[in-house]
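Inside the fold
Residues per chain are reported as follows:
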Amino acid sequence: MQYEITEEIPLLDERGELTRAGYAKRLLPVYDRKKVKGGLTRLKEWDYYYVGNDCFGVALTIADNSYMGLDSISFLSFVDRPWQITKSPMSAFPMGRTGLPATSEVGIAASSGKKHALLFQTSEGKRQLTAHMDDFRDGQPIDVHLTLTGEPEESMVICTPFAKRGHFYFNQKINCMRAQGTVRIGDDLYSFRPSDSFAVLDWGRGVWTYHNTWYWGSASGVLDGEDFGFNIGYGFGDTSAATENMLFYQGKAHKLSQVTFHIPMRDGKEDYLSPWTFTSDNGRFEMDFVPVIDRAACTDVKLIKSDQHQVFGRFTGTAVLDDGTALSVKDLMGFAEKVENKW
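Everything numeric here is computed off the predicted structure, so don't read it as measured data.

This part covers the overall build of the chain. For the chain, the count of helices and strands is 0 helices and 27 strands. For the C-alpha atoms alone, the extent of the chain along its principal axes is close to 55 × 50 × 50 Å. When burial is assessed residue by residue, the chain has 55% of its 343 residues classed as buried. Excluding contacts between residues fewer than 6 apart, the proportion of contacts in the chain whose partners are at least 24 apart in sequence is 55%. Carbon and sulfur atoms provide 50% of the accessible area of the chain, an area that totals close to 14900 Å². Taking the 37 positively charged and 45 negatively charged side chains of the chain as two groups, their mean positions are separated by 6 Å.

Below, the structure is given as structure tokens:
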């Protein structure tokens, strides 16, 4: 079953429960932080942007996870000898004071520390991303100035309940935005052009259970002269009303059912840098994935743990639209990840 929400509704009722579980193609559910009842220490809110092309990419995060705040900047190079740097300063007990917007459609998200600052501004159909960190690579600073435009008409929006009362995840993924601007690391300048650089927004608000694991994959690019992308994922909550699997083509969303990540194993552990495959329950998403680099990070302080593997690489295979049109995908740059959290 895939239940579609087609009208504007309040996200939560007076008990802090989802008014409807399901998916939408626009930000129709309305989020009101004052209606959260599942415990303010369990409330997680974040804005995550990834902007990239075939050669390099940058990821920016502002997260307010109640008892822990996190700002993050990652830069990745996919050519020659691939490399990546991630710096993620944390803060204690922001408890919502970061003030992330209640909608993805307009507003300002900002966070800073002694040696870094991030600013996301959304208005009039544009998203301005600015970031700075003093010591990013070998004592050199990083400066990010990016503008995102061309937001497609439709996106992936999902309302996922957890079994625990008052717990939910409200999420929007916007693929296929065009990116223009620069990232400077010391004396090195990396330019993003809208002809070949794309962005995705992962906009999340929710009351989460303590221990969970998720799988997420995303890619955006050009296919036969048309904008094409996808969002795939699963692993937490009750997805009986809807999954978050969706294709995007010519600005329109095409709903998928079940997609499974097949991560290769070696000696009883995931071998993230060997080729993966992705399969679907109805043949509409069948992909091979050749990894280029694993942006791995693990923080384990017993009560709090985050084990992340965000693997960037190239997708090749077939995606089938709602009308049965089969699209052939070849070497589309994107990522797929497995993340385990105790938080």
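Picking up where we left off.
Val 51, Val 58, Leu 60, Phe 168, Phe 170 and Val 183 are the most contacted members of the largest nonpolar core, which totals 47 residues. Broken down by element, the residue count for this core peaks at 7 residues, all from strand β14 (residues 168-185). The residues touching Phe 168, leaving out its near neighbours within four places in the chain, are Leu 11, Leu 12, Gly 16, Leu 18, Tyr 31, Val 36, Thr 160, Pro 161, Phe 162, Arg 205, Gly 206 and Val 207. Leu 256, Val 311, Leu 327 and Leu 332 belong to the second-largest nonpolar core, a separate cluster that totals 26 residues.

Looking now at unusual backbone geometry. Although it is not a glycine, Asp 138 adopts a positive phi angle of roughly 50 degrees. Counting through the fold element by element, Asp 138 comes out in the loop between β11 (126-137) and β12 (140-149). One non-glycine residue, Asp 331, lies in the positive phi region at around 55 degrees. In this fold, Asp 331 is placed in strand β27 (residues 326-342). Judged by its relative accessible area of 40%, Asp 331 falls in the partly exposed class.

Our focus in this paragraph is the state of the cysteines. Scanning the entire structure with this criterion turns up 0 disulfides. Unpaired in terms of disulfides, Cys 55 finds its nearest cysteine sulfur in Cys 176, a separation of 19 Å.

It is worth spelling out the pairing of strand β24 (residues 276-280) at this point. Taking every second residue as pointing to the same face, the buried face of β24 carries Trp 276, Phe 278 and Ser 280, while none of Thr 277 and Thr 279 on the other face is buried. Note that strand β21 (residues 259-262) and β24 share 4 bridges and pair antiparallel. Looking at the pairing, Phe 261 lines up with Phe 278 of β24. By the bridge criterion, 3 bridges tie β24 to strand β25 (residues 285-300) in an arrangement that is antiparallel. Bridging across to β25, Phe 278 finds its partner in Met 287. Linking β24 back to β25 in an antiparallel pair, the connection comprises 4 residues, with Gly 283 at a positive phi of about 80 degrees.

Aromatic ring pairs are reported here in terms of the distance separating the ring centres and the angle at which the planes meet. A complete count under the given rule lists 40 aromatic pairs for this structure. Ring geometry for Trp 276 versus Phe 278: centroids 6.0 Å apart, planes at 25 degrees, classification stacked. Since its relative accessible area comes to 1%, Phe 278 is described here as buried. By way of ring pairs, the aromatic residues Tyr 215, Phe 228, Phe 230, Tyr 234, Phe 261, Tyr 272, Trp 276, Phe 278, Phe 285, Phe 289 and Phe 315 are connected into one cluster.

Turning our eyes to something else, we now look at a nonpolar patch on the surface. Together, Tyr 210, Val 301, Leu 303 and Ile 304 line one region of the surface with nonpolar side chains, adding up to about 390 Å² of accessible area. Inspection of the secondary structure assignment puts Val 301 in the loop between β25 and β26 (305-320).

Tracing the chain through its elements places Leu 28 in the loop between β2 (22-24) and β3 (29-30). Residue classification places Leu 28 among the buried residues on the basis of a relative accessible area of 19%. Linking Leu 28 and Ile 9, residues 19 residues apart in sequence, is a C-alpha distance of 6.4 Å. Leu 28 has contacts with Ile 5, Thr 6, Glu 7, Glu 8 and Ile 9, leaving out every residue within four places of it along the chain.

All right, on to the pattern of salt bridges then. Proximity of charged atoms lets side chains of opposite charge pair with each other. The final tally for this structure, using the stated rule, is 19 salt bridges. In this structure, Arg 15 engages Asp 13 in a salt bridge whose closest nitrogen and oxygen atoms are separated by 3.1 Å. Since its relative accessible area comes to 18%, Asp 13 is described here as buried.

The rules behind each value
- Residues numbered from 1 in each chain as written.
- Predicted model: local features only at pLDDT ≥ 70, side-chain atom pairs only at ≥ 80, totals over all residues.
- Heavy atoms only, no water.
- Helix = DSSP H or I, 4+ residues; strand = E, 2+ residues; numbered from the N terminus.
- Buried < 20%, exposed > 50% of the residue type's maximum accessible area, 1.4 Å probe, protein only.
- Contact = heavy atoms within 4.5 Å.
- Areas by Shrake-Rupley, 256 points an atom, 1.4 Å probe, with all protein chains shown as cover.
- Lys, Arg positive; Asp, Glu negative; His and termini not counted.
- Charge placed at Lys NZ, Arg CZ, Asp CG, Glu CD.
- Core = buried A, V, L, I, M, F, W, Y, C linked by side-chain atoms within 4.5 Å.
- Disulfide = S-S within 2.5 Å.
- Pairing = 2+ DSSP bridges.
- Phe/Tyr/Trp six-rings, centres within 6.5 Å; stacked < 30°, edge-to-face > 60°.
- Patch = residues over 30% accessible without salt bridge, like charges linked within 9 Å, V, L, I, M, F, W, Y side chains within 5 Å.
- Salt bridge = Lys/Arg side-chain N within 4 Å of Asp/Glu carboxyl O.

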